[in-house]
Amino acid sequence: MAIVEFKDVTRIYTSGDHELRALDGINFTLDEGKFVVILGPSGAGKSTLLNMLGGLDSPTSGTITVNGKDISTLNNNELADYRASTVGFVFQFYNLIPTLTVYENVTLVKDISKDAIDPKKMIAEVGLADHLHNFPSELSGGEQQRVSIARALAKNPKILLCDEPTGALDSETGVLVLKLLLSMAKNYGKTIVVVTHNQNIAKMADVVIRVKNGKIKSYEEQPTPMSADEVEW
């Protein structure tokens with residue numbers, strides 16, 4: 001079942017007389033519960049695409065439908081409600097609050113989501129049940145990234161958007177984080193969208209979308225994606 005549809009989506013930024021066409025007639029659909037990788041070089045339009053899907057920006061033209069709702073026409077307040085209820089975000093840098101414990105960082109989402117999952121449950125899911133009362137400075141980079149994933153998932157979003165989630169991690173820790181994201185797609189039915197320039201991550205995806213110069217260069221469904229352990233890092 002399709003949960004996301006981009007239809008003729010264009011995003012143009014203007015500065016004086018200069019016009020930048022960041023997205024140029026984008027079309028694709030994504031099904032629920034899939035692990036999706038959006039691949040492309042810097043400046044290709046990957047982050048713009050992610051921002052559109054996350055309700056952080058709106059298209060200049062075209063429509064974006066998520067879970068049956070056209071989000072391209074929403075006003076700022078409606079977009080804030082959409083971000084709170086439908087999407088979770090995981091970034092390259094973890095954006096944890098340093099003065100709060102692991103448990104307190106994850107519990108924050110209960111203030112913005114009516115359907116939040118028990119924070120302790122999600123912290124246990126990411127393998128950090130023994131670190132509830134640690135502060136971010138007491139954790140490794142990989143552990144901090146897992147906290148940020150637990151926080152995003154505790155919101156109980158339909159879609160998890162990840163912008164270079166392993167970019168600041170060594171390869172071994174990156175594999176652990178990717179395994180975790182894969183398990184969330186398979187076990188919880190979340191649609192996981194990962195933006196990256198790392199070709200290896202694409203081998204693990206159900207769907208690979210390659211973006212270049214603001215256009216979809218290719219859309220590929222992989223019926224038998226590799227496991228994280230099979231990929232050569």
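Source: prediction; values computed, not measured.

Trainee: Talk me through helix 6 (residues 171-188); I want residue IDs and the actual numbers.
Mentor: Between its first and last C-alpha, helix 6 extends 25 Å over 18 residues, near the 26 Å set by a 1.5 Å rise per residue. Those residues of helix 6 that sit buried are Thr 173, Gly 174, Val 175, Val 177, Leu 178, Leu 180, Leu 181, Leu 182, Met 184 and Ala 185. On its buried side, helix 6 packs onto strand 3 (35-39), helix 4 (119-125), helix 5 (141-154), strand 7 (159-163), strand 8 (191-196) and helix 7 (199-202). Once helix 6 ends, the next one or two residues include Gly 189, with phi positive near 70°.

Trainee: A description of the packing of aromatic side chains should follow, citing residues and the corresponding values.
Mentor: One pass over the structure, following the stated rule, counts two aromatic pairs. A centroid spacing of 4.6 Å and a plane angle of 15° characterise the contact between Phe 6 and Phe 28, whose relative ring orientation is stacked. Here Phe 6, found in strand 1 (residues 2-15), pairs with Phe 28, found in strand 2 (residues 18-31); they are 22 residues apart in sequence, far enough to count as distant. Ring geometry for Phe 89 versus Phe 91: centroids 5.9 Å apart, planes at 5°, classification stacked. The class for Phe 91 is partly exposed, based on a relative accessible area of 33%. It is Lys 120 that lies over the ring of Tyr 103; its NZ or CZ is 5.8 Å from the centre.

Trainee: Residues and numbers for the pairing of strand 9 (residues 207-212), please.
Mentor: Strand direction decides the pairing type here: strand 3 and strand 9, joined by four bridges, are parallel. Bridged to Leu 39 within strand 9 is Arg 210. Taken together, the six bridges between strand 9 and strand 10 (residues 215-221) define a ladder with antiparallel strand orientation. When the sheet's bridge partners are listed, Val 208 is paired in strand 10 with Glu 220. The hairpin formed by strand 9 and strand 10 contains two residues between the paired strands, and Asn 213 there has a positive phi angle of roughly 50°.

Trainee: Quick rundown of the side chain of Gln 144? Include the residues and the values.
Mentor: By the element assignment, Gln 144 lies in helix 5. Note on Gln 144: relative accessible area 17%, which makes it buried.

Trainee: I'd like a rundown of the nonpolar core, residues and numbers included.
Mentor: Counting residues in each nonpolar core, the largest one holds 42 residues, and the members touching the most others are Phe 35, Val 37, Ile 149, Leu 160, Leu 181 and Ile 192. Elements represented by at least two residues in this core include exactly strand 3, helix 3 (102-107), helix 4, helix 5, strand 7, helix 6, strand 8 and helix 7. Setting aside chain neighbours within four positions, we find Val 37 in contact with Val 194, Thr 196, Ile 201, Ala 202, Ala 205, Val 207, Val 208 and Ile 209. In terms of nonpolar packing, the next biggest core, distinct from the first, is built from 29 residues, Ile 26, Leu 53, Ile 64 and Ile 159 among them.

Trainee: Give a description of the sheet that holds strand 2 that names residues and reports values.
Mentor: Ordered in space as 2-1-4-5, the four strands form an open sheet in which the pairing is antiparallel. Only two strands of the sheet have a single partner each, and these edge strands are strand 2 and strand 5 (69-70). Examined bridge by bridge, strand 1 and strand 2 share ten bridges and lie antiparallel to one another. If you follow Val 9 over to strand 2, its bridge partner there is Ile 26. Of the strands in this sheet, strand 1, strand 2 and strand 4 (61-66) are in contact with helix 1 (residues 46-53), which crosses strand 1 at around 120°.

Trainee: Kindly report on the UniProt feature "domain: ABC transporter" (unreviewed entry) in the protein, identifying the contributing residues and their values.
Mentor: With numbering aligned to this structure, UniProt lists the feature "domain: ABC transporter" (unreviewed entry) at residues 4-231. Spanning residues 4-231, this segment combines 30% helix with 30% strand, and its end C-alpha atoms are found 28 Å apart.

Trainee: Describe the side chain of Ser 72, with residues and values.
Mentor: Relative to the elements of secondary structure, Ser 72 occurs in the loop between strand 5 and helix 2 (76-86). Here the side chain of Ser 72 touches Ile 64 through a polar contact of 3.5 Å, landing on its backbone nitrogen. A distance of 2.4 Å separates a polar atom in the side chain of Ser 72 from a polar atom in the side chain of Asp 70. Here Ser 72 is in contact with Pro 59, Gly 62, Thr 63 and Ile 64, once residues within four sequence places are set aside.

Reading guide: rules and limits
Residues numbered from 1 in each chain as written. Predicted model: local features only at pLDDT ≥ 70, side-chain atom pairs only at ≥ 80, totals over all residues. Heavy atoms only, no water. Helix = DSSP H or I, 4+ residues; strand = E, 2+ residues; numbered from the N terminus. Expected span 1.5 Å × (residues − 1). Buried < 20%, exposed > 50% of the residue type's maximum accessible area, 1.4 Å probe, protein only. Contact = heavy atoms within 4.5 Å. Phe/Tyr/Trp six-rings, centres within 6.5 Å; stacked < 30°, edge-to-face > 60°. Lys NZ or Arg CZ within 6 Å of the ring centre and 35° of its normal. Pairing = 2+ DSSP bridges. Core = buried A, V, L, I, M, F, W, Y, C linked by side-chain atoms within 4.5 Å. Axes fitted to C-alpha atoms, helices over the stretch in contact; angles between N-to-C directions. UniProt positions renumbered as here; feature names shortened; annotations may be inferred. Polar contact = N/O pair within 3.5 Å; in protein donor to acceptor, adjacent residues only side chain to side chain.

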